[in-house]
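Residue strings, one per chain:
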There are 2 protein chains.
Amino acid sequence: MSLIVMKFGGSSVGSTERMQRVATRILERQREGHQIAVVVSAMGDTTDDLIDQSKALNPNPPAREMDMLLTTGEQISIALLAMTIHQLGGKAASYTGWQAGFRTDDKHGKARITEILPERILGALAQDQVAVVAGFQAMSEDGAITTLGRGGSDTTAVALAAAIEADVCEIYTDVDGIYSTDPRVVPNARKLNAISYDEMLELAHLGAAVLHPRAVEYAKHHGVQLVVRSSFTQNEGTQVKEEAEMEQGVVVRGIAFEKNVARISIKGVEDVPGVLANVFGALASGGIDVDIIVQSGISNGKADFSFTVNADDCEAALGVIEGLRKEVPYVETSTESGLVKVSIVGAGMVSNPGVAAQMFEAIYKQGVSVKMVSTSEIKVSCVIEAEPLQEVVRALHTAFGLDTSEEAFVGGPKERR
Amino acid sequence: MSLIVMKFGGSSVGSTERMQRVATRILERQREGHQIAVVVSAMGDTTDDLIDQSKALNPNPPAREMDMLLTTGEQISIALLAMTIHQLGGKAASYTGWQAGFRTDDKHGKARITEILPERILGALAQDQVAVVAGFQAMSEDGAITTLGRGGSDTTAVALAAAIEADVCEIYTDVDGIYSTDPRVVPNARKLNAISYDEMLELAHLGAAVLHPRAVEYAKHHGVQLVVRSSFTQNEGTQVKEEAEMEQGVVVRGIAFEKNVARISIKGVEDVPGVLANVFGALASGGIDVDIIVQSGISNGKADFSFTVNADDCEAALGVIEGLRKEVPYVETSTESGLVKVSIVGAGMVSNPGVAAQMFEAIYKQGVSVKMVSTSEIKVSCVIEAEPLQEVVRALHTAFGLDTSEEAFVGGPKERR
């Protein structure tokens, strides 16, 4: 008998029929002989509807009251899911975040978990009940309702799994698992059987937003084994764990890409100490997320550097830089929008030099030039022209031996490699 | 400076505009120099919508989960009201039932208050915050969310007023106060300045459902002074308190009536001990509310008796009686539907014999015959034919000196009396 945490997102419980399917799924898992705790998000559009209601009354509401409002979304989900499980003949009890023992600091809207007191949940499990826990929400030390911010429900599931020492935390979603790249772009993208926490973090940050990075970090830190799988099929999904074995000779696990990237270059910057801190501090204060930063060489005491932002933030970023011109003198700025960032990720590349060169080669063969490069131990990212993105990703997918063949898909020997 | 509890029902906060009006009202009261705690119900149709959602998934859901579901309605209200107060420049914090310290037994759906721990609310008031408390909801000893059942938000307001020793508990509603009778039936019905708890209880039970009887009982028991007043006007409303002064020579405070009454008569019942307990026990078990019961004399060891039920329950009641025929032999039953119950209520009638006779006289003068009579110390009820109801109520209103004149309405001397 295993102890399993099953997490369902808002789209998985967004209708009567889906709620029933989730309840059925839970009871199937329980009948296999497991103890089941469930974490569930707010249904479908509930959260957006609540936000709309609040904006009509106060465009800038206190974070404490926003938490009070939004947590009703998950509370509705857990009650309805518990009722549905009862209707199907099971036993279930629902628990809000505070009832499930989630304690946080008092940073409303983005609270950090300080402690989990899972006695009530363990008590329910001991009585063969399905414990249905509201994701995203908790209670501060002084008894106020708090929320965990973005990725909150994934984090709730992982943190609960750690607290009750679950054998596995299953994240149910609308895809089959983690793929080697976006199957909409590369039709023979491969569903991965396993991936390491670090690889998942790189992929998650790069846009394959099936699983929130914060939850992956929490899982890595507490050694919680994750499985990402579909709410709609019985497929096995993808394991996320400390060490995921690579197939023989494969160094890249997956390929991610992010559209709508803009590059901003600042030329002829007076190279005084603290200049970078000045520029990027001001951008951060302006709420602008900067991704890749590249500084080229210094000549005559002046430096050129470039960085990327989401194209929607480009104009705001230029405004911030213009505003700094007195403190940070420079010759000129230039921008280029309509770019994409494509990244290869894989723990195997640590011990395989030449992977970056192989990437550049594959991109070059598509007639595309590389604008910027950024590397980490398990990742190489290139900023390139937006077109032809699909051809570039497909070429990389093939070049790094990720294409699945008919035989591979049904578990037989691979055609290539 | 007074400490005031203000209670607003669901229709008072049912739209953006109404929510803003309520927040404005609260801040006006605070600027008069008072400390303000507010109790609010779920907005408009929220509760019905939640019930519909649950029925689609489980027609007979566990009461614990129903409480979990329904309490989100008030939680949404308190968050939005607190936000609105902030938007208007005030300070407010919202509190769920459990946060406000409401503790109950574990009878989900109809829990009884066991204790109130109002420290958090008193703390907010001490900081000049408006404490916005969710009506209807609480927490059981083992930490489950409970609801107080019908009239729950009125009860929350009164219980909170008792716990924080408020000077007054103001119940805001869509009418100006308590009237001597229904103004839709008697256009010159008089708004009462004051009424006693006992009179209010009789009127509330009799259908003037502005204030739930349970809340009135709680107020009487704890000596909480109530005021019923309008959310929409600045009128003074009606005080509900221990001793409400009667005007000189007036013995009746108000006239209530209830339509859709059916009388059931059972004739020739074997007069064995326990026969009444048998019949009315079985009706109660069948969920049928019996109101007036009249037993006429016994002859030859056989009794006739009659009782009233809501006409919708008439057939079910006859079925229950038929099912008892072996245990409780009788000769025949007869029924009469389409009746009304009209009642006069007033503490003054205790010391005024002849009030009942005066009532019968007024009814008789309208050509209406009295079918049944029931009396208490401060009430006389008659079951009569449904038509002409309006004329009967108007006649009683006039006969007992309740009509308001133009002068009376603006505060001048009364024309009559």
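Residues numbered from 1 in each chain as written. Chains lettered and ligands numbered in written order. Predicted model: local features only at pLDDT ≥ 70, side-chain atom pairs only at ≥ 80, totals over all residues. Heavy atoms only, no water.

- Named according to an unreviewed UniProt entry, chain A is Aspartokinase originating from Paenibacillus sabuli.
- A UniProt comment under Catalytic activity (unreviewed entry) is attached to chain A, and it reads "L-aspartate + ATP = 4-phospho-L-aspartate + ADP".
- The record in UniProt for chain A states the following under Sequence similarities (unreviewed entry): "Belongs to the aspartokinase family." (UniProt positions renumbered as here; feature names shortened; annotations may be inferred.)

Here we look at the overall build of chain A
Step number 1: Secondary structure assignment for chain A yields 12 helices and 18 strands.
Step number 2: In terms of overall size, chain A behaves like a compact globule, its C-alpha atoms giving a radius of gyration of 24 Å where 417 residues would be expected to give roughly 22 Å.
Step number 3: Taking the principal axes of the C-alpha coordinates as reference, chain A spans close to 75 × 60 × 35 Å.
Step number 4: The proportion of buried residues among the 417 residues of chain A is 53%.
Step number 5: By sequence separation, contacts in chain A at least 24 residues apart represent 73% of the contacts at least 6 residues apart.
Step number 6: Carbon and sulfur atoms make up 47% of the accessible area of chain A, which amounts to about 17,900 Å² in all.
Step number 7: Side-chain charges of chain A comprise 37 positive and 55 negative groups, with the mean position of each set lying 2 Å from the other. (Helix = DSSP H or I, 4+ residues; strand = E, 2+ residues; numbered from the N terminus. Rg over C-alpha atoms; globule rule 2.2 N^0.38 Å. Buried < 20%, exposed > 50% of the residue type's maximum accessible area, 1.4 Å probe, protein only. Contact = heavy atoms within 4.5 Å. Areas by Shrake-Rupley, 256 points an atom, 1.4 Å probe, with all protein chains shown as cover. Lys, Arg positive; Asp, Glu negative; His and termini not counted. Charge placed at Lys NZ, Arg CZ, Asp CG, Glu CD.)

Remarks on the packing of aromatic side chains
Step number 1: In the structure shown here, the tally under the stated rule is seven aromatic pairs over all chains.
Step number 2: Both rings, one in Phe280(A) and one in Phe305(A), keep their centres 5.9 Å apart while their planes meet at 45°; by these two values the pair is tilted. In this pair, Phe280(A) sits in helix 8 (residues 275-285) while Phe305(A) sits in strand 15 (residues 302-310), placing the two residues 25 residues apart along the sequence. The pair Phe280(A) / Phe305(A) is uniform in exposure class, with both members buried.
Step number 3: Between Phe280(B) and Phe307(B), the ring centres sit 5.2 Å apart and the planes meet at 80°, which makes this aromatic pair edge-to-face. Of this pair, Phe280(B) sits in helix 8 (residues 275-285) while Phe307(B) is found in strand 15 (residues 302-310), placing the two residues 27 residues apart along the sequence.
Step number 4: Residue Phe280(B) is classed as buried on the basis of its relative accessible area of 15%. (Phe/Tyr/Trp six-rings, centres within 6.5 Å; stacked < 30°, edge-to-face > 60°.)

Quick notes on the packing of helix 1 (residues 16-31) of chain B against helix 3 (residues 63-87) of chain B
Residues and elements named next belong to chain B.
Step number 1: Where helix 1 contacts helix 3, the two axes come as close as 9 Å, and the packing angle between them is 60°. When you trace helix 1 past helix 3, the crossing you get is right-handed. In this structure, helix 1 uses Met19, Gln20, Val22, Ala23, Ile26 and Leu27 to contact helix 3, whose residues at the interface are Ser77, Leu80, Leu81, Thr84 and Ile85.
Step number 2: Within the contact of helix 1 with helix 3, the residues separate by chemical class into eight nonpolar, three polar and no charged. (Axes fitted to C-alpha atoms, helices over the stretch in contact; angles between N-to-C directions. Left-handed = near helix turned anticlockwise from the far one by under 90°. Nonpolar A, V, L, I, M, F, W, Y, C, P; charged D, E, K, R; others polar.)

Some words on the relation of the copies chain B and chain A
Step number 1: Rotating chain B by 180° and translating it 0.0 Å along the rotation axis places it on chain A, where the RMSD comes to 0.1 Å. Classification of the inter-copy transformation places it as that of a two-fold axis. Among all residues of chain B, the one whose C-alpha sits closest to the rotation axis is Thr72(B), at a distance of 2.6 Å.
Step number 2: Mapped onto chain A, 100% of the interface residues of chain B again fall at the interface, so both copies present the same surface. (Least-squares fit on C-alpha atoms with pLDDT ≥ 70 in both.)

A word on the pattern of salt bridges
Step number 1: The final tally for this structure, using the stated rule, is 33 salt bridges over all chains.
Step number 2: Ionic pairing is found between Glu170(A) and Arg29(A), a salt bridge with its closest N-O pair at 2.4 Å. Remark: Arg29(A) occurs in helix 1 (residues 16-31) and Glu170(A) occurs in strand 9 (residues 168-173); sequence separation between them is 141 residues.
Step number 3: Owing to a relative accessible area of 2%, Glu170(A) belongs among the buried residues under this scheme.
Step number 4: Assessed through its relative accessible area of 15%, Arg29(A) is described here as buried.
Step number 5: For Lys379(B), the salt bridge identified is with Glu202(B), shortest N-O distance 3.7 Å. With Lys379(B) in strand 18 (residues 379-385) and Glu202(B) in helix 6 (residues 197-205), the pair connects residues that are 177 residues apart, well separated along the chain. Comparing Lys379(B) with Glu202(B), the two get one shared label, buried. (Salt bridge = Lys/Arg side-chain N within 4 Å of Asp/Glu carboxyl O.)

Quick notes on the UniProt feature "binding site: ATP" (unreviewed entry) in chain A
Residue and element names in this part refer to chain A.
Step number 1: Those places that UniProt annotates as "binding site: ATP" (unreviewed entry) correspond, in this numbering, to Lys7, Phe8, Gly9, Gly10, Thr173, Asp174, Tyr179 and Arg184. What stands out for the annotated residues spanning 178 residues is how far apart their C-alpha atoms range, the widest pair being 24.9 Å apart.
Step number 2: Tracing the chain through its elements places lysine 7 in strand 1 (residues 3-8).
Step number 3: Of the residues examined, lysine 7 reaches a relative accessible area of 9% and is grouped as buried.
Step number 4: Excluding residues that lie within four positions of it along the chain, lysine 7 makes contacts with Val39, Ser41, Ser153, Asp154, Ala157, Glu170, Ile171 and Tyr172.

Regarding the interface of chain B and chain A
Step number 1: Counting residues at the interface gives 43 residues for chain B, matched by 43 residues for chain A.
Step number 2: Contact between chain B and chain A buries roughly 3,300 Å² in total, counting both sides, with carbon and sulfur atoms accounting for 64%.
Step number 3: Between chain B and chain A we count zero salt bridges in total.
Step number 4: Run the count over chain B and chain A and you get 14 residue pairs in polar contact (both at pLDDT 80 or more).
Step number 5: Secondary structure elements with two or more residues in the side of chain B that touches chain A: helix 1, helix 2 (46-57), helix 3 and strand 3 (92-95) of chain B. (Buried area = accessible area lost by both parts, 1.4 Å probe. Polar contact = N/O pair within 3.5 Å; in protein donor to acceptor, adjacent residues only side chain to side chain.)

Side note on empty space enclosed by the protein
A probe as big as a water molecule, rolled over the atoms, marks out the empty space that is left.
Step number 1: Per the counting criterion, the structure on display carries four cavities of 30 Å³ or more.
Step number 2: Taken as a whole, the largest cavity holds about 90 Å³ of empty space.
Step number 3: Considering the residues around the largest cavity, the lining is formed by Thr71(A), Gln75(A), Thr96(A), Trp98(A), Gln137(A), Ile145(A), Thr71(B), Gln75(B), Thr96(B), Trp98(B), Gln137(B) and Ile145(B).
Step number 4: Those elements giving two or more residues to the lining of the largest cavity turn out to be helix 3 (63-87) of chain A together with helix 3 of chain B. (1 Å grid on protein atoms, 1.4 Å probe; cavity = no way out; pocket = protein on both sides within 12 Å on 5 of 7 lines; lining within 4 Å. Points joined across faces, edges and corners; volume = space filled by probe spheres on them.)

Here's the deal with a negative patch on the surface
All names here are of chain A.
Step number 1: A surface patch of negative charge is lined by Asp45, Asp48, Asp49 and Asp52.
Step number 2: With respect to the element layout, aspartate 45 can be found in the loop between strand 2 (35-40) and helix 2 (46-57).
Step number 3: Using a relative accessible area of 55% as the deciding quantity, one classes aspartate 45 as exposed. (Patch = residues over 30% accessible without salt bridge, like charges linked within 9 Å, V, L, I, M, F, W, Y side chains within 5 Å.)

Side note on the sheet that holds strand 8 (residues 145-147) of chain B
Residue and element names in this part refer to chain B.
Step number 1: Strand order across the open sheet formed by four strands is 5-4-7-8, with mixed pairing between neighbours. Taken across any chain shown, the strands that pair with only one partner, and hence form the sheet edges, are strand 5 (113-116) and strand 8. Strand-to-strand twist across the sheet, computed as the mean angle between neighbouring axes with direction ignored, equals 45°.
Step number 2: Strand direction decides the pairing type here: strand 4 (residues 102-104) and strand 5, joined by three bridges, are antiparallel. Residue threonine 104 lies in a different strand from strand 5, and its bridge partner there is isoleucine 113. (Pairing = 2+ DSSP bridges.)

With respect to the UniProt feature "binding site: substrate" (unreviewed entry) in chain A
Residue and element names in this part refer to chain A.
Step number 1: Per the UniProt entry, the sites bearing "binding site: substrate" (unreviewed entry) are Thr47 and Glu74 in this numbering. The named residues occupy 28 residues along the chain; their greatest pairwise C-alpha distance, 8.9 Å, places them in one compact cluster.
Step number 2: Examined against the element boundaries, threonine 47 turns out to sit in helix 2.
Step number 3: Among all residues touching threonine 47, those that are not within four sequence positions of it are Ala42 and Leu70.
Step number 4: You can see glutamate 74 is positioned in helix 3.
Step number 5: Residues contacting glutamate 74, with those up to four places away along its chain left out, are Val40, Ser41, Ala42, Ala134, Gly135, Phe136 and Gln137.

Points about the nonpolar core
Step number 1: Core analysis: the biggest nonpolar cluster contains 76 residues, and Ile26(A), Leu81(A), Ile26(B) and Leu81(B) have the highest contact counts within it.
Step number 2: The contact partners of Leu81(B), leaving out residues within four places of it in the chain, are Met19(B), Val22(B), Ala23(B), Ile26(B), Val38(B), Val40(B) and Val132(B). (Core = buried A, V, L, I, M, F, W, Y, C linked by side-chain atoms within 4.5 Å.)

A closer look at the sheet that holds strand 2 of chain A
All names here are of chain A.
Step number 1: Spatially, the eight strands line up as an open sheet ordered 3-6-2-1-9-11-12-10, and their pairing is mixed. A strand with exactly one partner marks an edge of an open sheet, and here the two such strands are strand 3 (92-95) and strand 10 (194-196). The mean inter-strand angle of the sheet, taken between neighbouring strand axes irrespective of direction, is 20°.
Step number 2: Across the face of the sheet, helix 5 (residues 152-163) comes into contact with strand 1, strand 2, strand 6 (130-134), strand 9 and strand 11 (226-230) while running at roughly 155° to strand 2.

Describing unusual backbone geometry
Residues and elements named next belong to chain A.
Step number 1: Across the junction of glutamate 387 and proline 388, the peptide omega takes the value -5°, indicating a cis bond.
Step number 2: Structurally, proline 388 can be placed in the loop between strand 18 (379-385) and helix 11 (389-399).
Step number 3: Although it is not a glycine, phenylalanine 136 sits at a positive phi angle of roughly 85°.
Step number 4: Relative to the elements of secondary structure, phenylalanine 136 occurs in the loop between strand 6 and strand 7 (137-140).

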